[in-house]
Amino acid sequence: MMRNVRSAKAVGWGAVIGTLGGLIGLGGAEFRLPVLIGLFRFPALEAVILNKAMSLVVVASALPFRAGTVPFGAIADHWSVVVNLLSGSLLGAWFGAGWATRMQARALNRVIALLLLGIAAVLLFGHDADGAGVPLTSGIAQTMAGVAAGFVIGVVASLLGVAGGELLIPTLVLLFGFDIKLSGSLSLAVSLPTMIVGFARYSRDDSFAVLGRNRRFVLLMAAGSIAGSFIGGQLLGIVPGAVLLPALAAILLVSAVKVWRHR
């Protein structure tokens, strides 16, 4: 009975978080991580690795599911921006994963909580939810800023086990002047290879075996996540960003408190 309840929760939470991720252009990990730690009682590092696996599922599925609103051609038109950010994020993902595997569980919880608070602040104060704007800079300065931002985002993505879209989207909006919808899909295009690099780095640690020990849980949550990312992709364009972003930031604040208190 308890196993069935746990299975149902895995599917249900996967679907809910996948919907949020598919709608905004995130992997949904910032919402999933407190659930894995607080509800399912996984240790911090194991939760990060499980989170990375589920985020990878959401990112890979959300990109095509959003194509009805943001076609692949629109993403291809800005391939140079994707490469610019990737040049920093891939390196950051590798280093961030290495640092995470050497940190104690309590310290990692605290770092995760502080990063969640930072992400909430970015969502509240760093977004122009109404559309495209003027790029912050241009030319070589923009390129260098893109590499630096990519590195920081890659580190954060590995430490949290997230796709990094929470920081990629405001970077694309503020630094490059793209609108929210295009930024969401571009962030997925950057996140996917970044997450694969971080995931590969985690595979060298013994904690990676958590995926094998919890195979049933992983498959059930992945199934729910794919269904949710499909729903989120269909909702794209219906829910206004000006209303949704503050709500997401509030969820992050609650999540940060839960992770901080968890032992």
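Everything quoted here is computed from the prediction, not taken from an experiment.

**Student:** Before we move on, could you go through the packing of aromatic side chains and cite the residues and values that matter?
**Tutor:** On inspection of all chains with the given rule, the structure shows four aromatic pairs. Between the aromatic rings of F40 and F217, the centroid separation amounts to 4.8 Å while the plane-to-plane angle is 75°, which identifies the pairing as edge-to-face. Remark: F217 occurs in helix 11 (residues 215–235) and F40 occurs in the loop between helix 2 (29–39) and helix 3 (44–65); sequence separation between them is 177 residues. Here the two residues F40 and F217 agree in accessibility, since each one is buried. The interplanar angle of 85° and the centroid separation of 5.3 Å between the aromatic rings of F65 and F230 together place this pair among those described as edge-to-face. On the criterion of sequence distance, the pair formed by F65 in helix 3 and F230 in helix 11 is long-range, its members being 165 residues apart. Given a relative accessible area of 41%, F230 falls into the partly exposed group.

**Student:** I'd like to hear about helix 2, residue by residue, with values.
**Tutor:** Since the α-helix advances by 3.6 residues per turn, residues separated by three or four positions end up pointing in the same direction. Here helix 2 lies mainly inside the structure; nine of its 11 residues are buried. Listing the buried residues of helix 2 in full gives A29, E30, F31, R32, L33, P34, V35, L36 and I37. R41 sits one or two residues past helix 2 and shows a positive phi near 60°.

**Student:** I'd like a rundown of the nonpolar core, residues and numbers included.
**Tutor:** Formed by 61 residues in total, the largest nonpolar core has its most connected members in L36, F42 and L211. Apart from residues lying up to four places away in sequence, L36 is in contact with R41, F42, A47, L50, N51, F217 and M221.

Rules behind the numbers
Residues numbered from 1 in each chain as written. Predicted model: local features only at pLDDT ≥ 70, side-chain atom pairs only at ≥ 80, totals over all residues. Heavy atoms only, no water. Phe/Tyr/Trp six-rings, centres within 6.5 Å; stacked < 30°, edge-to-face > 60°. Helix = DSSP H or I, 4+ residues; strand = E, 2+ residues; numbered from the N terminus. Buried < 20%, exposed > 50% of the residue type's maximum accessible area, 1.4 Å probe, protein only. Core = buried A, V, L, I, M, F, W, Y, C linked by side-chain atoms within 4.5 Å. Contact = heavy atoms within 4.5 Å.

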